[in-house]
Amino acid sequence: MKKSRNAQSSKTPPDLRVAVAIMAAGKGTRLKSQLPKVLHEVGGKPLLAHVIAAATSVVPAADVYAIIGHEADRIRSTFAPTGFNFVLQPEQRGTGHALMVARDALSAYDHVIVLSGDAPQITPQTIARLLNFHLDQQAAMTLLSAELDHPTGYGRVLRKNPQSAEVRAIVEEKSATPAQKKIREINAGFYVFAVPQLFSHIEKLSTANPHGEYYLTDMAEVLRKAKQRVVVCKTENPGEVLGANTRAELSFLDHQIRMRTCQHLMDEGVTIFYPATCVIDDDVEIAADTIIEPFVQILGKSRIGADCRIRSYSVIRDSEIAEGVTIRPGCILEEARIGSKAVLGPYSHLRPGSDIGEGAHVGNFVETKKIRLGKGSKANHLTYLGDAEIGAGVNIGAGTITCNYDGVNKHTTIIEDGVFIGSDSTLVAPVRVGKGAYVGAASCITEDVPGDALAVGRSRQIVKEGWAAEKRAPRKPK
Ligand code: UD1
Ligand code: CA
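The structure presented is a predicted model; accordingly, all values stated were derived computationally and were not measured.

### Some thoughts on a negative patch on the surface
Among the surface-exposed residues, Asp289, Asp307, Glu323 and Glu358 lie close enough to one another that they form a single negatively charged patch. Along the polypeptide, Asp289 turns up in the loop between β14 (285-286) and β15 (291-292).

Next comes the structure, spelled out in structure tokens:
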């Protein structure tokens, strides 16, 4: 779901210096969370990441400024290293105050596009349209509006008259009269300002309102009273301006974004049986003719090739899966790589660094970590393989365990091509089993096994003839 880059219209004069400021300092009180609002995720990415992606499609990252405050360090470390800038708003005294603290960072620009860090569906096309409208109108302030069926909670746009693009004021929900509350044209929270006009009048903002904050929305009235031009540009797509102020709104946006991802994947030839039951992140790529069964999660930067079948209840994160792979129900994959035509599951657990070769099989209750399993090799049942290099055509019997950890350090097990490991064997690393060797069932292998040898590491069986019959026989009276 890549957003198209360079959405800025060719109409924008190339010598204009345009910045994007993203307001992201708020705590998000209504979420009742320790996590700052803009780090809450929708579609598998923080809210702010979606807005940054849209912003950097319109201007270079070096001209993007995220205004952060609440838990600023946490936000910085989530996004580092990146090309965009941070501005600190140590105390959050309102959206107007957010721009006041960004004055030094922005004063070298001609225009600033202001975005809300909590509205993740904004598109580069809409941002570019807003900028062009602002430039065409030669306005000091341009705001984006939308017509909503349920406008409650948003600021309302008061136009000079219904036909005019000129704005008289923006009135916040808490200060709106009953008549104003009926207005369905809302302030989306996205603006463009001419920088000199913004900063020559921003000090006129006051905190005389129910929240005791500096409202950026009041700039409409401030600028109008200073005889500056304030206009509104209405979007035809109200969906893209929705903000996430509550958990319910987060969940709604998450659903919207994931449905869009599923729709896009289906358009590209992927079958998704019941999209509403699947959780597929925004950045996931899946090739055509792959089938996704119900209740599957595909997360992070996972890539899945063509002709795969991902059966129900599998959770796949940050993994690369080649073509023609079958993942049977209930598998968990994390940072794993799966070669073409491999078969996994049911109930396989592939932990980070698992590299499964072409046509290999990993079966029920098999856990792998940091291993390479060669082409066509099989580990079908009840096995732990960690820190191992396993060649091609190897058969790992049921219940095999690589003992990779000695309590202090991890060690590697090497199993060369064509080896047969009998069931219930333990391989105490570091250890090597040479090409074509056999290991007898239930062996504990502590020493290297040469190629083509048979190693048996268990005590010999003893047989006591008639022992059981004798035990059962009735005792003779004395
Ligand atoms: C704001 C608008 C409202 C509009 C709505 C659209 C104001 C006063 N109201 O209301 O007209 O309809 O957005 O979604 O602007 N922030 C800071 N620093 C602060 C305060 C907020 O960076 O001191 C950030 C927040 O993190 C958030 C954004 O600004 O990302 C908007 O703030 P929020 O409190 O969500 O404003 P709304 O009440 O939604
Ligand atoms: Ca908001």
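Now that the structure has been shown, we can carry on.
### Some thoughts on the coordination of the calcium ion (ligand 2)
Taken together, the protein ligands of the calcium ion (ligand 2) are Asp118 (OD) and Asn245 (OD1), with distances of 2.5 Å. Here Asn245 lies in the loop between β11 (230-234) and α9 (247-267) and Asp118 lies in the loop between β6 (111-116) and α5 (124-137), a separation of 127 residues in the sequence. With respect to class, Asp118 is no different from Asn245; both count as buried.

### Some remarks on the layout of surface pockets
Here the idea is plain: a probe the size of a water molecule rolls over the atoms and shows the empty space left. Considered as a void within the structure, the largest pocket measures approximately 1400 Å³ in volume. What lines the largest pocket is a set of 45 residues, and nearest its centre among them are Arg30, Lys37, Thr95, Asp118 and Asn245. Of all elements in the fold, only α3 (95-101), β10 (185-194) and α9 reach the threshold of two or more residues within the lining of the largest pocket. Its residues placed into classes, the lining of the largest pocket shows 16 nonpolar, 19 polar and 10 charged.

### What about the site of ligand 1?
In the vicinity of ligand 1 lie 22 residues, with Gly26, Gln89, Thr95, Glu172 and Asn187 positioned nearest. Separating an oxygen atom of ligand 1 from a backbone N or O atom of Ala24 is a distance of 3.4 Å. A distance of 3.4 Å separates an oxygen atom of ligand 1 from a polar atom in the side chain of Arg30. Coverage of ligand 1 by the protein amounts to 89% of the 760 Å² it exposes when considered alone. A molecule is said to occupy a pocket when more than half its atoms come within 2 Å of that pocket's grid points, and by this definition ligand 1 occupies the largest pocket. Those elements that provide at least two residues to the shell around ligand 1 are α3 and β10. Taken together, the residues of the shell around ligand 1 break down into seven nonpolar, 10 polar and five charged.

### A word on the pairing of strand β4 (residues 64-68)
Counting buried residues in β4 gives five out of five residues, a clear majority hidden from the surface. Taking every second residue as pointing to the same face, both faces of β4 are buried, with Val64, Ala66 and Ile68 on one and Tyr65 and Ile67 on the other. Two strands pair when backbone bridges link them, and strand β1 (residues 18-23) and β4 are joined in this way by four bridges, in the parallel orientation. Bridge pairing links Met23 to Ile67 in β4. Bridge analysis of β4 against strand β5 (residues 85-88) gives four bridges, and the strand direction is parallel. Residue pairing for β5: Ile68 is matched across the bridge by Leu88. Between β4 and its parallel partner β5, the chain crosses via helix α2 (residues 72-79), and the hand of that crossover is right-handed.

### What to know about α5
Between the first and last C-alpha of α5 there are 20 Å, a value that for 14 residues agrees with the 20 Å anticipated at 1.5 Å per step. Considered for burial, the residues of α5 that qualify are Pro124, Thr126, Ile127, Ala128, Leu130, Leu131, Asn132, His134 and Leu135. For α5, the elements touching its buried residues are β1, α1 (47-55), β6, β7 (141-147), β10 and β11.

### Examining unusual backbone geometry
In this structure, the amide linkage connecting Ala80 to the following residue, Pro81, adopts the cis form with an omega of -10°. Locating Pro81 in the fold gives a position in the loop between α2 and β5. One non-glycine residue, Glu335, adopts positive backbone phi at about 45°. Examined against the element boundaries, Glu335 turns out to sit in the loop between β22 (332-334) and β23 (337-338). One non-glycine residue, Asp424, lies in the positive phi region at around 60°. For Asp424, the location among the structural elements is in the loop between β32 (420-421) and β33 (426-428).

### Notes on the pattern of salt bridges
Per the stated rule, a full pass over the model turns up 23 salt bridges. The salt bridge involving Arg159 is made with Glu185; its shortest N-O contact spans 2.7 Å. A residue pair is termed long-range when its members are at least 10 positions apart, and Arg159 in strand β8 (residues 156-159) and Glu185 in strand β10 qualify at 26 residues. Linking Lys369 and Asp387 is a salt bridge whose minimum nitrogen-to-oxygen distance equals 3.0 Å. You can see Lys369 sitting in strand β27 (residues 361-373) and its partner Asp387 sitting in strand β28 (residues 378-390), a full 18 residues away along the chain. Look at the salt bridges and you will find they share partners, linking Lys45, Asp282, Asp283 and Lys301 into a network.

### Remarks on the environment of Val18
Tracing the chain through its elements places Val18 in strand β1. Judged by relative accessible area, which is 7%, Val18 ranks as buried. C-alpha separation for the pair Val18 and Val64, spaced 46 residues apart in sequence, amounts to 9.3 Å.

What counts and how
Residues numbered from 1 in each chain as written. Chains lettered and ligands numbered in written order. Predicted model: local features only at pLDDT ≥ 70, side-chain atom pairs only at ≥ 80, totals over all residues. Heavy atoms only, no water. Patch = residues over 30% accessible without salt bridge, like charges linked within 9 Å, V, L, I, M, F, W, Y side chains within 5 Å. Areas by Shrake-Rupley, 256 points an atom, 1.4 Å probe, with all protein chains shown as cover. Salt bridge = Lys/Arg side-chain N within 4 Å of Asp/Glu carboxyl O. Lys, Arg positive; Asp, Glu negative; His and termini not counted. Charge placed at Lys NZ, Arg CZ, Asp CG, Glu CD. Helix = DSSP H or I, 4+ residues; strand = E, 2+ residues; numbered from the N terminus. Donors = N, O, S within 2.8 Å, 3.2 Å for Na, K, Ca; no water. Buried < 20%, exposed > 50% of the residue type's maximum accessible area, 1.4 Å probe, protein only. 1 Å grid on protein atoms, 1.4 Å probe; cavity = no way out; pocket = protein on both sides within 12 Å on 5 of 7 lines; lining within 4 Å. Points joined across faces, edges and corners; volume = space filled by probe spheres on them. Nonpolar A, V, L, I, M, F, W, Y, C, P; charged D, E, K, R; others polar. Near = heavy atom within 4 Å. Polar contact = N/O pair within 3.5 Å; in protein donor to acceptor, adjacent residues only side chain to side chain. Sits in = over half its atoms within 2 Å of the grid points. Pairing = 2+ DSSP bridges. Right-handed = clockwise from strand over helix to strand, strands pointing away. Expected span 1.5 Å × (residues − 1). Contact = heavy atoms within 4.5 Å.

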